[in-house]
Every structure is written in C-alpha cells, then in structure tokens.
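# Architecture and fold: a report
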Amino acid sequence: MDLVERFINYTKFDTQSSEESTSVPSTAKQLEFAKYLKKELENEGLSDVEMDDMGYIYATLKSNTKKKTPTIGFISHMDTSPDASGKDVKARVIKNYDGNDIELSPGIISSVETFPELKAHKGEDIIVTDGTTLLGADDKAGIAEIVQAMCYLRDHDEIKHGDIRVGFNPDEEIGMGAHHFDVEKFGCDWAYTVDGGDLGDLEYENFNAAGAKIIIKGVSVHTGYAKGKMVNASRLAVEFQNMIPENETPEQTEGYQGFYHLIGIESRCEEAKLSYIIRDHDRNRFESRKDFIEDCVNKMNEKYGDGTVKAVIYDQYYNMKEKIDPNMHVIDIVLRAMQESGVSPRVEPIRGGTDGAQLSFKGLPCPNIFAGGVNFHGPHEFVSIQVMEKVVKTIVKIAEITEEYND
C-alpha cells in the first residue's frame, strides 16, 4: 500500500473525540480505528503488536544492527478534533495544484486570500476535503507516515537501525492522549510525536497550560419583586469576563505571548459557569495568570458576598523545553535528519500543546516534528503529498542517524 492510499483509508474512519465524555477512549468509534491499525501493523510484519482496552497501540520494528543503540519511538494520535465533523470524509487529490482558489464543493471555496498557506504548495499534489468535514491530517497523516517509514525500513535492510517503537493513542485533541500512555511499556530512550504542521516544523517549546471553571451562584426572584433580592448570575458572568484584559486573548497575541481564552458560557439567572483555558510559555507568568483568576474571584466575592463566585483551576500540561534542554541530542538528531532529507528546519514554539509535552514530563523526552497538514480542525484542512513523503524520509533518517549515536 502506498502512502496516499494508506492515508485516505485512514480518513474514512470517524474518530472524533469528545470533551463531554468521561470514558477512555472518549468515543467508542476510536476503538474501531485502533483495531484496524493493530491488524495492519501485524500484516506489515511489525513485532510485539498490542492494543490495550483503552485503544492504545504499541508495536516494534526490530533492530537489524549488532550495535548497541538507543531505542527510539514515533507517536501519533488517532482522534480528530471535536471542532468539526470527521464523519464521511471525502478526500480528493488535486494533482499539480495551480496556486489558485479551490472549489471544494459548489459555493465552498478555499481561497488563497483567506488561506495564503496554499501558495507555498503550488505545483504539488495536495489532498483536500469537500468542504463539509475536516480532513484528519491531524493526525492521521502522522500515523500513515510512521507506518510507511516502518515499511520502508523493513524493506531496506541496508539501512541499519536499532529497535524502533511505534505508539498510537486516542484523545489527544481533548488533552488526554498521554494520560494513559504506558511510558514504561513503550521502553524508549526518547521519542518523537509526528503531529506538527507544514514542511520543516520542529517544536520543543510549548505553552504551560491550565483550565479554569468559574461557577457563579445567583438568586432568582420574580423580576417584579427583585429589588434588593435578585443576584443575576448571568450579569455577574459578563462582569467577570470584563475583568479579563482585552489584549491578553488569543485574538491579540502571538509568539511567546500568553493569554486567557473564554471557551464557553452556560448561564441563567440562578447559576452561571464560565470555562477558560490559560496559557503561557514562561512558568512564572503562567503561575501569575492563575493567581490573577483567583484575584478576580476574590474581588467579586468582596462585592457580592463570600461564596458567590468560585474558581476550580487545574493544570493540564507544562512546557516540554524544561525536559528537552538537558537532552538536546534528541533535537540535534532530527535537525540533521531534516537537512539530509532536503528539509529546511523551522524551529518555533507551539502556541498549544502536544502529547509530547506530557510524555516529556513522564520521563520520555518527546519533541514534535511536522506531519504536513495545514489549516487543522476545519473543512479547509489540506496536506501536500510531497510534504508527507518528506516526513517519511525524515523518520527513516532519524532511525539511521540514531544507529550511529554511540559511535
């Protein structure tokens, strides 16, 4: 099976995860894809293929060298974002893309003005959707590339490598992918998530991340008799949000700038709930941001009475740079692999997070490399076949260079 066929087969599985679920995986349909992948890995001749009852898959491409080499891993996630439908994806290949607007379906246009990233792929073969679903390159492209690279290494015994572990997990899109990943069972010295964006992306800095739930207790009274009695939780919710600095939101920040992001409000007179995510690359500023939310709660309670407003703040993940810095050989290897594959590295901080961030704090240094997808989480997502091929070549080179690590 070639790379494109493999990827398009994967997109036919609806693997959307759910933030509302408490099960693992968060949606049963992810298990169907996991079963397919397990069988495929077995058919391709990988060893130690196993899937646990939560849908986590582990497999090994056995070493073909007599050298003592590090065991490395490549990891991707099976789920797609809850932000857009992943059901009945209709992937289409546009050969030799001409650099102009693309009509995905009648009336649905991917324009180069809105999506200038398209221009970088003029002359390439790109895979798009029909404009009604996401594509799923995040991260089924990563899975396809890893599997294809393992098949290439299997078929080219002249390329020497140590043991290579493969790991595929559910629920990355809802921040839970690494929670049940068995790092001890995986047994790697280091690994790479193949979950980045366009050509050459290499990421080993990410946000420190927290979530915050604000609960506001109101008092509901008939409006005709409300004076001095009613406490309108909906109005207090607006007041709370107005305390958040306007210039510290995702819409107003870039690069290393952190933010507060209001992701949802449930509101009625008697009770209101606000959900935030808090992000910052700097650990001290990150802690200060959480303190700021608590200060806002205290000010509201001073004004409206103790217990009116409550905050539940919980950390989600931390900046992997803290764990990568002492292990910079992991980065040196992938930089060399990219360069030898004809790829110009683009090292940038992630304005988000990956499973690799959590895995790094679980003892597995795990930077993130490009998978090729662009415009994730929506119907204008696309991926270049030529970029996907470069990912495969880079993975193969990483394995080859790692075999020389102890020379």
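Counting starts from 1 at the beginning of each chain's written sequence and moves along it residue by residue. Side-chain atom pairs in this predicted model are given and counted only at pLDDT of 80 or more, local residue features only at pLDDT of at least 70, and totals for whole chains, interfaces and linings cover all residues. The basis for the side-chain values is all heavy atoms of the structure; hydrogens and waters are excluded.

### A short note on helix H6 (residues 283–304)
Secondary structure follows DSSP: runs of H or I at least 4 residues long count as helices, runs of E at least 2 residues long count as strands, and numbering of each begins at the N terminus. A helix is expected to span 1.5 Å multiplied by its residue count minus one. For H6, which comprises 22 residues, the first-to-last C-alpha distance of 32 Å matches the rise-based estimate of 32 Å (1.5 Å per residue) to within 8%. Exposure classes here rest on a 1.4 Å probe applied to the protein chains alone. A residue is buried below 20% of its type maximum, exposed above 50%, and partly exposed in between. Of all the residues in H6, the buried ones are Phe286, Arg289, Lys290, Ile293, Cys296, Val297, Met300 and Asn301. Mapping the buried residues of H6 onto a view down its axis gives an arc of 135°, with all of them on the same face. Residues of H6 that are exposed and angled more than 90 degrees away from the buried face: Asn284, Lys299, Glu302 and Lys303. The elements touched by buried residues of H6 are strand E11 (208–217), helix H5 (233–242), strand E12 (259–267), strand E13 (271–280) and strand E14 (309–317). To be clear, the arc concerns the directions from the helix axis to the C-beta atoms. Should any heavy atoms of two residues lie within 4.5 Å, those residues are considered in contact.

### A few points about a negative patch on the surface
A cluster of acidic residues, Glu19, Glu20, Asp83 and Glu266, forms a negative patch on the protein surface. For Glu19, the position within the fold is in the loop between helix H1 (3–11) and helix H2 (29–43). Overall, Glu19 belongs to the exposed group, its relative accessible area being 58%. Only residues whose relative accessible area exceeds 30% and that form no salt bridge are eligible for patches; like-charged ones are grouped when within 9 Å, while nonpolar side chains (Val, Leu, Ile, Met, Phe, Trp, Tyr) are grouped when within 5 Å. Using a 1.4 Å probe, accessible areas were evaluated by the Shrake-Rupley method; residue-level cover was limited to the displayed protein chains. By salt bridge we mean one thing: a side-chain nitrogen of Lys or Arg within 4 Å of a carboxyl oxygen of Asp or Glu. For this count, His and the chain ends are skipped, Lys and Arg are scored as positive, and Asp and Glu as negative. To locate a charge, the coordinates of NZ of Lys, CZ of Arg, CG of Asp or CD of Glu are taken.

### Examining the sheet that holds strand E3 (residues 72–77)
Any two strands between which DSSP finds at least two bridges are classified as paired. The strand order E1-E2-E8-E3-E9-E16-E10-E15 describes an open sheet built from 8 strands, whose pairing is mixed. Every other strand in the sheet has two partners, leaving strand E1 (47–51) and strand E15 (346–347) as the edge strands with one partner each. One ladder, built from 6 bridges, connects E3 with strand E8 (residues 164–169); its direction is parallel. Each residue of the ladder has a partner; that of Gly73, found in E8, is Arg165. Its contacts with the sheet put helix H3 (residues 137–155) on strand E2 (57–61), E3, E8, strand E9 (190–196) and strand E16 (368–370), and the angle it makes with E3 is roughly 145°. Relative to E16, helix H10 (residues 385–403) is tilted by about 135°, and along the sheet it contacts E3, E8, E9 and E16. Axes, fitted as lines to C-alpha atoms, cover a helix only where it is in contact. Angles between the N-to-C directions of the axes lie from 0 to 180 degrees.

### Let's talk about the nonpolar core
By convention a nonpolar core is built from buried Ala, Val, Leu, Ile, Met, Phe, Trp, Tyr and Cys residues, the set being connected through side-chain atoms within 4.5 Å. Phe7, Phe74, Met150 and Phe168 are the most contacted members of the largest nonpolar core, which totals 66 residues. If we skip the residues at most four places from it in the chain, Phe168 touches Leu37, Leu41, Gly55, Tyr56, Ile57, Ser76, Met78, Ile143, Ile146 and Val147.

### Observations concerning the sheet that holds E11
Strand pairing within a sheet occurs via backbone hydrogen bonds; the two strands may be parallel or antiparallel. Taken in spatial order, the 4 strands line up as E12-E13-E11-E14 in an open sheet, and their pairing is antiparallel. Looking at the sheet topology across the chains shown, the edges are occupied by E12 and E14. Neighbour to neighbour, the strand axes of the sheet diverge by 15° on average, direction disregarded. In terms of strand pairing, E11 meets E13 through 10 bridges, oriented antiparallel. For Gly211, the partnering residue across the bridge sits in E13 and is Ile277. Packing of H6 onto the sheet brings it into contact with E11, E12, E13 and E14, and relative to E14 it is tilted by some 165°.

### Quick word on H1
Buried residues dominate H1, accounting for 8 of its 9 residues. Listed as buried for H1 are Leu3, Val4, Arg6, Phe7, Ile8, Asn9, Tyr10 and Thr11. Contact partners of the buried residues in H1: H2, strand E4 (92–94), strand E7 (126–128), H3, strand E18 (382–384) and H10. Here H1 starts with a cap whose side-chain oxygen sits 3.3 Å from the backbone nitrogen of Val4, and that cap is Asp2. For the purposes of these results, a polar contact is taken to be a pair of N or O atoms within 3.5 Å, where, inside protein, one atom must be able to donate a hydrogen and its partner to accept one; residues adjacent in sequence count only when each atom of the pair is a side-chain atom.

### As for the packing of aromatic side chains
Note on ring pairs: Phe, Tyr and Trp rings are taken, using the six-membered ring of Trp, and paired if centres are within 6.5 Å. Classes follow the plane angle, with under 30 degrees stacked, over 60 edge-to-face and the rest tilted. Following the criterion strictly, the structure yields 15 aromatic pairs and no others. Plain terms: the ring middles of Phe240 and Tyr276 are 6.1 Å apart, the flat faces sit at 50° to each other, and that makes the pair tilted. With Phe240 in helix H5 and Tyr276 in strand E13, this pair connects stretches of sequence that are 36 residues apart. Both residues of the pair, Phe240 and Tyr276, count as buried. Note on criteria: charge over ring means Lys NZ or Arg CZ within 6 Å of the ring centre, with the direction from the centre no more than 35 degrees off the ring normal. The ring of Phe33 carries Lys140 above its face, with NZ or CZ at 5.4 Å from the centroid.

### Observations concerning the packing of H1 against H2
Running from N to C, H1 and H2 point in directions that differ by 155°, and their axes come no closer than 11 Å. Relative to H2, the element H1 is oriented roughly antiparallel. In contact with Arg6, Asn9 and Tyr10 of H1, H2 contributes Phe33, Tyr36, Leu37 and Glu40. Residues that form the contact of H1 with H2 fall into these classes: 4 nonpolar, 1 polar and 2 charged. Throughout, the term roughly parallel applies to angles under 35 degrees, roughly antiparallel to angles over 145, roughly perpendicular to angles from 65 to 115, and oblique to all others. Each residue is assigned to one of three groups, with Ala, Val, Leu, Ile, Met, Phe, Trp, Tyr, Cys and Pro labelled nonpolar, Asp, Glu, Lys and Arg labelled charged, and all others, Gly among them, labelled polar.

### A look at the pairing of strand E5 (residues 102–105)
The sheet contact formed by E5 and strand E6 (residues 108–110) spans 3 bridges and is antiparallel. Bridging from a neighbouring strand, Glu103 pairs with Ile109 of E6. Between the antiparallel neighbours E5 and E6 lie 2 residues, among them Gly107 with a positive phi of about 85°.

### Points about the pattern of salt bridges
Inspection of every chain in the model, using the stated rule, returns 28 salt bridges. Of the charged contacts in the structure, one is a salt bridge between Arg235 and Glu239, with a shortest N-O distance of 3.8 Å. Here Glu239 and Arg235 lie together in helix H5, a separation of 4 residues that amounts to about one turn. Overall, Arg235 belongs to the partly exposed group, its relative accessible area being 46%. A salt bridge links Glu340 to Arg336; the nearest nitrogen and oxygen atoms lie 2.7 Å apart. Of this pair, Glu340 and Arg336 are both found in helix H8 (residues 329–340), 4 residues apart, which corresponds to roughly one turn of the helix.

### Observations regarding the pairing of E8
Across the 6 residues of E8, 6 count as buried, placing the element largely inside the fold. Burial along E8 is two-sided: the face carrying Ile164, Val166 and Phe168 and the face carrying Arg165, Gly167 and Asn169 are both buried. Where E2 meets E8, 5 bridges bridge the pair, whose relative direction is antiparallel. When the bridges of E8 are listed, Ala59 appears paired with Val166.

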